[in-house]
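Next come the chains, spelled out residue by residue.
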Amino acid sequence: MPEKKFQFSDLFVRKLVELTEGAVSAAVFEEVLQLLELEANKYHFTSSSEANLLRIFSSVFDRTFFVREMTKYPHHGEIITAIAASSNYLTDICVRNPEFLYQVFDQSYLASEIDYASLEKEIAEGLEKFKSLQTKLNFLRQVKKRFTLKIGLTDLLGLADLLSITRQLSYLAKAINAKLFEQCYTEVLTKYNLDRLNHSYCLCSLGKLGGNELNYSSDVDLILFFDFNESVAGTNKEYHELLAEAALLFIKSSTAISERGYIYRVDFRLRPDGKFSPLCKTLNDYIKYYETRGEDWERQMLIKLDFICGDSGLYKQFFDFTQSYIYKTSFSTSIKEKIKSMKANIERMNAEKDNIKTFIGGIRDIEFTVQALQMLNGGRITSLRTGNTLIGIEGLLERRLLNQDERDILTSSYIFYRRIEHFLQLMNDTQTHIIPDDAVMQNKIARYMSVDSPEELKSAISVYRDEVRKIYNSVLKSEEIETIASNQFEINFKNKEKAEKSLNFLRTGIGLVDRKEFDSRTIDLFNLLEPELSSVLKNTPDPDRTLENFVKIISATKFPSIWYNELSNKKFFQNFLSVCTYSQRAVDILSSSRSFEEFFFSRKVFIKKIDQELADFSPEEILLLLSFQFTLKLINTEKVAKVLTAFVTKRINLLLTDLNLPYNFFVCGLGSYGSESMSFASDIDLIVVADDVENKPDIQKDFQNFLARIKIALKPFDVDFRLRPEGKKSPLVWDIKNYGEYLDKRARVWEFQTLSKTRFVYGDKKLFLAFKNLILKRVKRLEPDYIRKEMLQMYSTILRQTSSALNGPINIKKNRGSLITIDFIVQYFALSNIKLYGKMFSKSAYSVLAQLKGLLTDEEIQMLKDNFVYLRTLSLVVQNIFNSNQTIIPAPADKKLLTSSFLCLKETELDGRINEILKINNLIFEKYVAAK
């Protein structure tokens, strides 16, 4: 069935009639319309194409004359229809500068290839007509648009091959950038009243511009160096500062977007040491860098080095150096392996994208194949040394390093891919290499590529990909197939784009803050780690979290290679990744200072006899050690509490011994510290009691000093004396007599609950025993009904302060039925039984529960003990996983899943287990404490 002939829409015809204002005869109008329809039939012409065509008609100076001329010169219609159908970018150029159309209507002008010398001369002469930098920039913008229209149109009409198109685009970019940099350099010299300097500089191109194979919307990769540095007379600057200022002005001038567009996106990030190094250095600096620290990817990059402007002699010195640097007679390590590794990284980062540049079997495969053969053989065959891919392929064929079939496949596929790339970029002047899902664009590309349909286009791409990949694998002896790129996507990342960037950073050092790529040894070390990393990420409950924490640690260090080397021990690496998954607390400490790196690498985190070496650790090291071992389940909750209590006691004793205060006193701990129930986020509650305060005028000041120093010594733990009588407004130190009077006359039941967790820490033990007896005497006089009433009132107050909505987050410590409930059960019986109360000092609720035999059933005691251990463990788990000081079970599903996973529970089991525990504890409380 013959293809239906294209016809313009009625709306288009009406608009075109309006534009000609009725000044064109019907016969002429019909002839022009038929001509345009005939041309439009060659393309996938859409409503947007019609709109482009109308825009072109509306922009010309004399529309009537323009239409009439089309009957005499049919190629005018051919040209504007090609532009309207295939390029919004070229349409915009015609609309803004309709005078350019009359140039391209000249067939001899359109068919002629741009000559660099003539172009350079034309630009130089044009610039002389303008005085200000701004007017010169506008001129250069116009030059770029005028010649881009010419080159793009010859491309769309098939008047030039790919080699010619990319060469002309490269000549245009080189000529414009050369003159622009020279202008910026002159501007800076003029600013400082300098005529000329006894210095030479050289601006060089890399990448596609360096290989004379530029795209329509490529970045222009550049490097800049100079001969030597010295102070410049008449200024307070050195030469490198003046040259860098010229480079900055050049970047700003080229990339700035005005109503006339921009000139080029210029990029200096490929210079030695990358983004964070000076924009320019001496030639000797660059040579020294490459000789001592240059990477294999930089050798590959320098294949495409070319001259832009400056001193050609300086360029020759650098070029001559690079030839022996790039094309060695032998390599210490396999250059093939390096190139495979770099290509694998590219594939990983682009595995999900229909990207003709980076997908498997795409442009990069062709380039890497050619460059590998050049680097391996260019040391002995100088004719292979070219930065142009197509010319490089021909050279490899001539030297029989590629056979004829391989040459034909690489050349035809490269041209096919690059033409698609050009069409995509011509459409909207965007730097894209991705074939869109949009059916309209796919049809347009298919027409441009002379295939019958998008399906046929996809089929051709598929064939080229397979054939190119076979050659790539053959040349590089690679066994890696498509699975290299897709492995990471077997991992269930929530944010795949972020994961790509993170993995790229771990592999290469780039992708987060544009830091310089890791050295080859670092990259090699990570390549050895990656299979195990992938295996762990596939099975971890939150791979995003694990990966992000790994990145956090590596991004904080100055020496990633040391980390990768240490992690080469498989078991150690697995432990490390478990910490990245289940201990934000450890990760945050580990990434905060290099001193913790050394602590980690020394394997002190595995130390078994922690109690014997407490004096050797800082508080952060103890927290890191305990969180690490708790995460790996090497220690339990009780061990964490005992070590933390012993550590705090040791620190307090050391400080007080050092202070040697001249008083008869004791210090004791309360709360979780006093009851040896400390967690990662516990406060250190202390009180100080002396035999005499009134006759010791400096005692308060001395203990204020102690408080200030112990806060520093125990940071990040918070040290407080807030549980002393009358709270924060009262004196820091109380004498025993006044304390006794306070207990007799003003102390409430809740204070005796607090004092049940008293632990002697330092000082006069006899004075402490006297203090303990004062407490016991007062507790003995408390009436049971008063105890119950006061405790229920306090319990109710605590619950109100921490109440949460139904199905809201659960507070493990202060919800009804939680740890506070178990505490109140134990304290109720203790306050009602003076012997039991006396046994509570320095003990946790768990230790005292065994003493309740006969007051509760054996089953109730065992349930409370089990529940206490479980809730305490759960509290520690939450604090450790999320680096939280709270004891609240996080509500988000992903965080709850992480908590459940650590406890070896199914996601749905955690809430059920907690609710069951809270229910049991609450029933026992109601039965014994709340009962009337």
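Preceding this paragraph is the structure being described.
Overview of the structure. Values in this document were obtained by computation on a predicted structure and should not be read as measured data.

Details of the overall build of the protein
- When helices and strands are tallied, the protein shows 44 helices and ten strands.
- The C-alpha radius of gyration of the protein comes to 39 Å, more than 25% above the 30 Å expected for a compact globule of 932 residues.
- A buried classification covers 56% of the 932 residues belonging to the protein.
- When the accessible surface of the protein is split by element, carbon and sulfur atoms take 50% of a total near 40900 Å².
- Measuring between centres, the 127 positive side-chain charges of the protein sit 8 Å from its 121 negative side-chain charges.

Looking at unusual backbone geometry
- Here the amide bond leading from K715 into P716 is cis, since omega sits at 20°, within 30 degrees of zero.
- Here P716 shows up in the loop between helix 34 (699-714) and strand 8 (719-720).
- In this structure, R400 is a non-glycine residue whose phi angle is positive, near 60°.
- Structurally, R400 can be placed in the loop between helix 19 (389-398) and helix 20 (404-428).
- A residue is classified by how much of its surface remains accessible, and R400, at 77% relative accessible area, is exposed.
- The backbone of S450 sits at a positive phi, close to 60°, despite the residue not being glycine.
- Positionally, S450 belongs in the loop between helix 21 (439-448) and helix 22 (454-475).
- We classify S450 as exposed; its relative accessible area is 65%.

Points about helix 38 (residues 784-801)
- Between its terminal C-alpha atoms helix 38 stretches 26 Å, which fits the 26 Å expected from 18 residues at 1.5 Å a residue.
- For helix 38, every residue scored as buried is listed here: I787, R788, E790, M791, Y795, I798 and L799.
- Where helix 38 is buried, its residues meet helix 36 (749-755), helix 39 (819-831) and helix 44 (909-928).

Considerations on the pattern of salt bridges
- Counting across every chain of the model gives 44 salt bridges.
- R299 is paired through a salt bridge with D296; the nearest N and O atoms lie 3.3 Å apart. With a gap of three residues between them, R299 and D296 both fall in helix 15 (residues 296-302), about one helical turn apart. When sorted by exposure, R299 lands in the same class as D296, which is buried.
- The partner of E532 in a salt bridge is K570, with the nearest N and O atoms 3.9 Å apart. With E532 in helix 25 (residues 520-539) and K570 in helix 28 (residues 570-582), this residue pair connects regions lying 38 residues apart in the sequence.

A word on a nonpolar patch on the surface
- Judged by side-chain polarity, F61, F65 and Y102 come together as a nonpolar surface patch covering roughly 360 Å² of accessible area.
- With respect to the element layout, F61 can be found in the loop between helix 3 (47-59) and helix 4 (63-72).
- Classification of F61 as exposed rests on a relative accessible area of 64%.

A short note on the pairing of strand 2 (residues 220-226)
- Most of strand 2 is tucked away: seven of the seven residues are buried.
- Examined bridge by bridge, strand 1 (residues 201-205) and strand 2 share five bridges and lie antiparallel to one another. Across the sheet, C204 pairs through a bridge with I223, a residue of strand 2.
- Pairing of strand 2 with strand 3 (residues 266-267), which is carried by two bridges, proceeds in the parallel orientation. Pairing of D221 across the sheet is with D267, part of strand 3.
- Handedness of the crossover is the feature at issue here: the chain leaves strand 2, passes through helix 13 (residues 239-255), returns alongside strand 3, and the resulting connection is right-handed.
- Sheet analysis places strand 2 next to strand 4 (residues 280-282), joined by three bridges and oriented parallel. In the strand pairing of strand 4, L224 is matched with C280.

Section: the packing of aromatic side chains
- Across all of its chains, the model carries 63 aromatic pairs by this definition.
- Where Y290 meets F318, the ring centres are 6.2 Å apart and the plane angle is 35°; that geometry is what we call tilted. With a gap of 28 residues between them, Y290 in helix 14 (residues 283-293) and F318 in helix 16 (residues 312-326) connect regions that are remote in the sequence.
- A relative accessible area of 1% means that Y290 is categorised as buried.
- In this structure an aromatic cluster arises from ring pairing among F526, F550, W563, Y564, F572, F573, F576, F600, F601, F606 and F628.
- For the cation-ring pair, R465 lies above F359, with the distance from its terminal atom to the ring centre recorded as 3.9 Å.
- When the ring centre of F572 is taken as reference, the NZ or CZ atom of R603 above it lies at 3.6 Å.

What to know about helix 1 (residues 10-20)
- All buried positions along helix 1 are accounted for by F12, L16, L19 and T20. Along the axis of helix 1, the buried residues cluster in a sector spanning 90°; they form a single face. Of the exposed residues in helix 1, the ones pointing more than 90 degrees away from its buried face are D10 and E18.
- Following helix 1 by one or two positions, E21 has its phi on the positive side, about 55°.

A few points about the packing of helix 38 against helix 39
- Contact geometry of helix 38 with helix 39 gives a least axis separation of 11 Å together with a crossing angle of 165°. Between helix 38 and helix 39, the crossing angle belongs to the class labelled roughly antiparallel. You can see that helix 38 and helix 39 cross each other, and the crossing is right-handed. Residues I787, R788, M791, M794, Y795 and I798 of helix 38 touch helix 39, and the partners they reach there are I820, T821, F824, Q827, Y828 and L831.
- A class-by-class count of the residues in the contact of helix 38 with helix 39 yields nine nonpolar, two polar and one charged.

So, how was this worked out
Residues numbered from 1 in each chain as written. Predicted model: local features only at pLDDT ≥ 70, side-chain atom pairs only at ≥ 80, totals over all residues. Heavy atoms only, no water. Helix = DSSP H or I, 4+ residues; strand = E, 2+ residues; numbered from the N terminus. Rg over C-alpha atoms; globule rule 2.2 N^0.38 Å. Buried < 20%, exposed > 50% of the residue type's maximum accessible area, 1.4 Å probe, protein only. Areas by Shrake-Rupley, 256 points an atom, 1.4 Å probe, with all protein chains shown as cover. Lys, Arg positive; Asp, Glu negative; His and termini not counted. Charge placed at Lys NZ, Arg CZ, Asp CG, Glu CD. Expected span 1.5 Å × (residues − 1). Contact = heavy atoms within 4.5 Å. Salt bridge = Lys/Arg side-chain N within 4 Å of Asp/Glu carboxyl O. Patch = residues over 30% accessible without salt bridge, like charges linked within 9 Å, V, L, I, M, F, W, Y side chains within 5 Å. Pairing = 2+ DSSP bridges. Right-handed = clockwise from strand over helix to strand, strands pointing away. Phe/Tyr/Trp six-rings, centres within 6.5 Å; stacked < 30°, edge-to-face > 60°. Lys NZ or Arg CZ within 6 Å of the ring centre and 35° of its normal. Arc of directions from axis to C-beta. Axes fitted to C-alpha atoms, helices over the stretch in contact; angles between N-to-C directions. Parallel < 35°, antiparallel > 145°, perpendicular 65-115°, else oblique. Left-handed = near helix turned anticlockwise from the far one by under 90°. Nonpolar A, V, L, I, M, F, W, Y, C, P; charged D, E, K, R; others polar.

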